[in-house]
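# What the coordinates show
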Amino acid sequence: MIRIAIPNKGRLHEPTMSLFKDAGLPISGGAESRILFAKTTDPDIHILFARAADIPEYVQDGAADVGITGMDLITERGAEVEALLDLKFGRASLVLAVPEDSVFQSARDLEGKKVATEFPEITRQYFKSLGINVEVITVSGACEMTPHVGIADAIVDISSSGTTLLINHLKAIDTVFSSTVHLIANKKSLREKEKILDIKTALESVLNAKKKRYLMMNVPEASLQAVKELLPGMSGPTVMKVESSRSSEESFLAVHSVVDADLIFTIVNKLKNVGARDILVVPIERIMP
Ligand SMILES: Nc1ncnc2c1ncn2[C@@H]1O[C@H](COP(=O)(O)OP(=O)(O)OP(=O)(O)O)[C@@H](O)[C@H]1O
Ligand SMILES: O=P(O)(O)OC[C@H]1O[C@H](OP(=O)(O)OP(=O)(O)O)[C@H](O)[C@@H]1O
Ligand SMILES: [Mg+2]
């Protein structure tokens, strides 16, 4: 049996649930049902819902074999776990910020000053690596308020859009840590349970597919070579003969290919120019190379 720890609420819950659904492992129940355990379509794989901040420890201690949580939380807890895959969502930075009108321009100006944060370990490590002594004050939320009430001179806090800093008249003067959500595993479980790698492959296949599109088109035989040159594909395009209803019609081929999503706009226009028509661009659910 494999137990996966998943954030039970907060901003990581929904994207994690939909990632598992897309990976072919839909989870029954969720945050709204307030349950702590859930099942998947695989009888061997069970879900444990936990706070994102607790997941690194649960995985380290073996309460869960695998977990999904932010790299900032994993690093802050100093968890001894194996990071298997960057899931590329929940992107946020821990930034060093000071009041807008502050004289402090860089970390070096903060020698002997007070820094408030929800991430004391990462903050200590950051200043230590720069050889700067600060007093780290641990808070459990509303960190942005602390410089304005004399509790701290600066903060190290999560920023993603930057709106919260702006509203609170703070400015970022350095990036301390860049975080995304990761798939992590208990080291012993990883050695003993092969299925953990199947979970990694399934999640990775969804990430791979998000960057690609499936392209289908009809191509006059005479244009096939030009079309082929435009299509990189995973292992070259698939070409099929299209049965024409009228014998007088020009002979067409159906061409299918997998293309980088970023290239679709340019490629579709070029394909049209060399004679391709009835072009369809469709999303792909999963790619297992
Ligand atoms: N704008 C953001 N603010 C806070 N955390 C974010 C943001 N964007 C991504 N994250 C990531 O989400 C994780 C924190 O999730 P967590 O569930 O603990 O907090 P939350 O979503 O703010 O929920 P809560 O309402 O309990 O504060 C961290 O790994 C963090 O890097
Ligand atoms: O750069 P932004 O997009 O504005 O996001 C950053 C803010 O979001 C988070 O707070 P959250 O809303 O989770 O409230 P909390 O402090 O109560 O957790 C975080 O602690 C910052 O305050
Ligand atoms: Mg929060």
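Residues numbered from 1 in each chain as written. Chains lettered and ligands numbered in written order. Predicted model: local features only at pLDDT ≥ 70, side-chain atom pairs only at ≥ 80, totals over all residues. Heavy atoms only, no water.

## Some points on the site of ligand 1
- Neighbouring ligand 1 are 14 residues; R11, R51, G70, D72 and S160 lie closest to it.
- R11 is positioned with one of its backbone polar atoms (N or O) 2.7 Å from an oxygen atom of ligand 1.
- One of the side-chain N or O atoms of R51 is found 2.7 Å from an oxygen atom in ligand 1.
- About the coverage of ligand 1: the protein hides 71% of its 610 Å² of free accessible area.
- Of the residues belonging to the shell around ligand 1, the class tally is five nonpolar, four polar and five charged.
- Residue assignment places the shell around ligand 1 across two domains, with domain 1 (2–89 + 180–209) and domain 2 (92–178) each supplying three or more. (Near = heavy atom within 4 Å. Polar contact = N/O pair within 3.5 Å; in protein donor to acceptor, adjacent residues only side chain to side chain. Areas by Shrake-Rupley, 256 points an atom, 1.4 Å probe, with all protein chains shown as cover. Nonpolar A, V, L, I, M, F, W, Y, C, P; charged D, E, K, R; others polar. Domains from an automatic or database assignment.)

## What to know about the side chain of N186
- Relative to the assigned elements, N186 resides in the loop between strand 11 (181–185) and helix 6 (187–192).
- Looking at N186, its side chain comes within polar contact range of the main-chain oxygen of Q60, at 3.1 Å.
- Beyond its immediate chain neighbours, meaning those up to four positions away, N186 contacts V59, Q60, D61, G62, A64 and D65. (Helix = DSSP H or I, 4+ residues; strand = E, 2+ residues; numbered from the N terminus. Contact = heavy atoms within 4.5 Å.)

## Looking at the packing of helix 1 (residues 13–22) against helix 7 (residues 195–210)
- Relative orientation of the contacting elements helix 1 and helix 7 amounts to 95°, with a least axis distance of 8 Å. Relative to helix 7, the element helix 1 lies roughly perpendicular. Counted together, L19, F20 and D22 of helix 1 and L203, V206, L207 and K210 of helix 7 form the full contact between these two elements.
- Grouping the constituent residues of the contact of helix 1 with helix 7 by class yields five nonpolar, no polar and two charged. (Axes fitted to C-alpha atoms, helices over the stretch in contact; angles between N-to-C directions. Parallel < 35°, antiparallel > 145°, perpendicular 65-115°, else oblique.)

## Description of the site of ligand 2
- Around ligand 2 lies a shell formed by R11, E144, D157, I158, S159, S160, S161, G162, T163 and T164.
- In the environment of ligand 2, an oxygen atom lies 2.5 Å from a nitrogen or oxygen atom belonging to the side chain of E144.
- Within the contact set of ligand 2, an oxygen atom lies 2.4 Å away from a side-chain nitrogen or oxygen of T164.
- The fraction of the free accessible surface of ligand 2 (500 Å²) that becomes covered by protein chains is 60%.
- Counting only elements with at least two residues in the shell around ligand 2, the list comes to strand 9 (154–159) and helix 5 (163–167).
- At three residues, strand 9 tops the list of elements feeding residues into the shell around ligand 2.
- In terms of residue class, the shell around ligand 2 is built from one nonpolar, six polar and three charged.

## Notes on the sheet that holds strand 13 (residues 238–241)
- Pairing in this open sheet of four strands is antiparallel, and the strands run 13-14-12-15 from one edge to the other. A single partner strand is all that each edge strand has here, and the edge strands are strand 13 and strand 15 (277–283). In this sheet, adjacent strand axes meet at a mean angle of 20° when their direction is disregarded.
- As paired strands, strand 12 (residues 212–220) and strand 15 are joined by five bridges and run antiparallel to one another. (Pairing = 2+ DSSP bridges.)

## Digging into the environment of P26
- Among the structural elements, P26 can be located in the loop between helix 1 and strand 2 (37–39).
- Sequence-wise, P26 and T40 are 14 residues apart; in three dimensions their C-alpha atoms are separated by 5.7 Å.
- Excluding residues that lie within four positions of it along the chain, P26 makes contacts with F20, K21, K39, T40 and T41.

## A few points about the UniProt feature "domain: ATP phosphoribosyltransferase catalytic" (unreviewed entry) in the chain
- Mapped onto the present numbering, the UniProt feature "domain: ATP phosphoribosyltransferase catalytic" (unreviewed entry) falls at residues 51–204.
- Helix makes up 30% of residues 51–204 and strand 31%. Its end C-alpha atoms lie 23 Å apart. (UniProt positions renumbered as here; feature names shortened; annotations may be inferred.)

## Brief notes about the pattern of salt bridges
- Within this structure, the stated rule accounts for nine salt bridges.
- Close ionic contact of K195 with D42 constitutes a salt bridge, the shortest N to O distance being 2.8 Å. With K195 in helix 7 and D42 in the loop between strand 2 and strand 3 (45–50), this pair connects stretches of sequence that are 153 residues apart.
- In this structure K195 comes out as partly exposed when scored by relative accessible area, which is 25%. (Salt bridge = Lys/Arg side-chain N within 4 Å of Asp/Glu carboxyl O. Buried < 20%, exposed > 50% of the residue type's maximum accessible area, 1.4 Å probe, protein only.)

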